[in-house]
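# A closer look at the structure
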Amino acid sequence: MSPATIALVILAGCILLFLTDWIPSAATAVLGCALLVVTGVCTPAQAFSGFSSDITLMVAGMLVVGDALFDTGAANTVSKWIIKSGINSERKFLAVSIVISAALASFLSNIMVIAMFMAIINTMVKTSPNMHMKRLCMPIVMSSTFGGVWTLMGSTPQLAVQALVKGTYNIEYRVFDYLPVGLILTAAFLLYVELIWYPASIKKWPDEDKADREELDDFSARQEQLPAGIHPGKQYVMLVILLFICVLFVTEAVSIGVASVIGALLCIITRCTTEKSVIKNMDWVVLIRLSGCLGLATGISQSGCDKLIASGLVSVLGESFAPQTLMIAAVILSMLVSNFISSSTAVIIVLTPVLSLCSHFGFSPLPFGLAVCYACSLAMCTPIASAQIGISMVAGYSFADYFKANILLSILIGILIILTVPLFFPYFA
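The structure reproduced in this document is the subject of the present report.

Cut-offs used in this document
Residues numbered from 1 in each chain as written. Predicted model: local features only at pLDDT ≥ 70, side-chain atom pairs only at ≥ 80, totals over all residues. Heavy atoms only, no water. Helix = DSSP H or I, 4+ residues; strand = E, 2+ residues; numbered from the N terminus. Buried < 20%, exposed > 50% of the residue type's maximum accessible area, 1.4 Å probe, protein only. Contact = heavy atoms within 4.5 Å. Areas by Shrake-Rupley, 256 points an atom, 1.4 Å probe, with all protein chains shown as cover. Polar contact = N/O pair within 3.5 Å; in protein donor to acceptor, adjacent residues only side chain to side chain. Core = buried A, V, L, I, M, F, W, Y, C linked by side-chain atoms within 4.5 Å. Expected span 1.5 Å × (residues − 1). Bend = angle between axes of the 7 residues up to and from the residue. Arc of directions from axis to C-beta. Axes fitted to C-alpha atoms, helices over the stretch in contact; angles between N-to-C directions. Left-handed = near helix turned anticlockwise from the far one by under 90°. Phe/Tyr/Trp six-rings, centres within 6.5 Å; stacked < 30°, edge-to-face > 60°. Salt bridge = Lys/Arg side-chain N within 4 Å of Asp/Glu carboxyl O.

### As for the overall build of the chain
- Scanning the chain from N- to C-terminus turns up 21 helices and 0 strands.
- Relative to its 429 residues, the chain shows a buried fraction of 54%.
- A sequence separation of at least 24 residues applies to 81% of the contacts in the chain between residues at least 6 apart.
- Approximately 18100 Å² of the chain is accessible, and the part contributed by carbon and sulfur atoms is 70%.

Okay, here's the thing in structure tokens:
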């Protein structure tokens, strides 16, 4: 068998194990990486690249920073301020966080925005009895991805689309060409979260959930063990460190991973937390699972498996069809492929043949470029759909949770893309 076929079989097996939880998900992710190496699909460096990725460093660093927030008591201080501001319900917190996160992500790095909000979510969940990690984490992380498609510089798929369209047609998108449909999709997402996601999440993850109660009990025990009346100086130091991390994120003086690690080291150096506390409270399972999934996605891409999937799906379309048919096929194909590989790679795979068909039939490339970008960026039915959605795994979601929570959303978003993009960019110029 070809490397692409072998990788496809490994991917199918891993997805089955993820869905059934027959073995722990972290072990499944690492097993997939190991099989890619053993079968010669890719090198060890490629298969296990996730363990040294910037995303993994960022998650590890922010987990340490979060631990320091609790050890210094700064978490309590911040959460009390937020609660006093009136945002003391999950629904309000979700609405406000989604809007702010999306707005920031339209100009800043999506991962940077996620990193900022992860610290806030951790603080709110562990200091307010009205907050639940699993009800908050996934939609807030996803909101940054929706904001990322508001502008040309919001995320990397737009740059891939720009390069392909300009190279083929010498046409460029303007900075805010993505904004009208991007706002519509984000508004639909917000309504979906408030009217469908949140009510469903209450039933799926009730307050008395055993794992959640153990987490809260453990946090309470840790707080009780802290010295009575921590010196406020440590809290000020912690807030300065947080501000410094944010500056590094915004200025991009260093990568997001390095910025997080620097922040984590400063927390230890300044005694805001200890090495013993870090080792004890670090969520190693989440880090291993996330690293394995990132490596698995890299290996699959290197093998050519993504191209095999894409070519097989494109071949069923036939040789002649209306622009509406091509639009529907492009959106569906983009969402399917992008659930298993990086969105930028999916853009290249899907948009290249689509643009060729546009040239052949005389369709304008602009609506198809936008549609493919939206569809690739907003595919969220698996935690390996993107690094951004994968970060939400720190909340302890299972692989199946992403499909169950987001399949209806994906259908809604796909339909909106198909209906709204041509309103702003017609099929025929």
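### Here we look at unusual backbone geometry
- The backbone of Arg271 sits at a positive phi, close to 65 degrees, despite the residue not being glycine.
- With respect to the helices, strands and loops of the structure, Arg271 is situated in the loop between helix H13 (256-269) and helix H14 (275-281).
- Here Arg271 falls in the exposed class, since its relative accessible area comes to 59%.

### Regarding the environment of Tyr397
- Tracing the backbone shows Tyr397 in the loop between helix H20 (387-391) and helix H21 (399-424).
- Note on Tyr397: relative accessible area 1%, which makes it buried.
- Expressed as a C-alpha distance, the spacing of Tyr397 and Met133, which sit 264 residues apart in the sequence, is 9.9 Å.
- Filtering out sequence-adjacent residues up to four positions away, Tyr397 remains in contact with Met133, Lys134, Arg135, Cys137, Met138, Pro139, Trp197, Trp205, Arg289, Ser392 and Tyr402.
- A polar side-chain atom of Tyr397 sits 2.6 Å from the main-chain carbonyl oxygen of Lys134.

### Considering the nonpolar core
- Within the largest apolar cluster, 125 residues are counted, with the highest numbers of intra-cluster contacts made by Leu185, Trp197, Met238, Tyr374 and Ile417.
- Sorting elements by how many residues they give to this core places helix H7 (residues 110-127) first, with 11 residues.

### Section: H21
- Here H21 spans 36 Å end to end across 26 residues, near enough to the 38 Å set by a 1.5 Å rise per residue.
- Considering bend angle alone, the principal kink of H21 is centred on Asn406 and spans about 45 degrees.

### What to know about helix H12 (residues 232-251)
- With 20 residues, H12 should reach 28 Å at 1.5 Å per residue; the first-to-last C-alpha distance of 29 Å fits that figure.
- Among the residues making up H12, those that are buried are Gln235, Met238, Ile241, Leu242, Ile245, Leu248 and Phe249. Angular distribution of buried residues about the axis of H12 spans 140 degrees; they occupy a single face of the element. Turned more than 90 degrees away from the buried face of H12, the exposed residues are Tyr236, Val240 and Leu243.
- Positive backbone phi, at 55 degrees, marks Glu252, one or two positions downstream of H12.

### Focus on the environment of Leu248
- Take Leu248: it is sitting in helix H12.
- Owing to a relative accessible area of 9%, Leu248 belongs among the buried residues under this scheme.
- Taking C-alpha positions, Leu248 is 9.3 Å from Val258, a pair spaced 10 residues apart along the chain.
- If sequence neighbours within four positions are ignored, Leu248 has contacts with Ala253, Val254, Ala259 and Ile262.

### Examining the packing of helix H17 (residues 323-338) against H21
- Orientation of H17 relative to H21, taken along the N-to-C sense of each, is 145 degrees, at an axis distance of 10 Å. Handedness of the H17/H21 crossing: right-handed. Only Ser410, Ile413, Gly414, Ile417, Ile418, Val421 and Pro422 of H21 make contact with H17, whose side of the interface consists of Met327, Ile328, Val331 and Met335.

### Quick notes on the packing of aromatic side chains
- One pass over the structure, following the stated rule, counts 10 aromatic pairs.
- A centroid spacing of 6.0 Å and a plane angle of 45 degrees characterise the contact between Trp197 and Trp205, whose relative ring orientation is tilted. Side by side, Trp197 and Trp205 carry an identical accessibility label, which is buried.
- Ring geometry for Tyr397 and Tyr402: centres 5.7 Å apart, planes at 70 degrees, overall edge-to-face.
- Taken together, Trp197, Trp205, Tyr397 and Tyr402 form an aromatic cluster joined through their ring pairs.

### Observations regarding the pattern of salt bridges
- Tallying each qualifying case throughout the model produces 4 salt bridges.
- Two residues, Arg135 and Glu90, come together in a salt bridge whose shortest N-O distance is 2.8 Å. Residue Arg135 is found in helix H8 (residues 133-148), and its partner Glu90 is found in helix H6 (residues 90-105); the two are separated by 45 residues along the sequence.
- You can call Arg135 buried: its relative accessible area is 4%.
- For Glu90, a relative accessible area of 3% gives the class buried.
- Close ionic contact of Glu194 with Arg91 constitutes a salt bridge, the shortest N to O distance being 3.5 Å. Here Glu194 is found in helix H10 (residues 179-204), whereas its partner Arg91 is found in helix H6, with 103 residues between them in sequence.
- Overall, the relative accessible area of 14% leaves Glu194 in the buried class.
- Arg91 gets classed as partly exposed once you look at its relative accessible area, which sits at 36%.

Coordinates in, geometry out; function isn't part of it.
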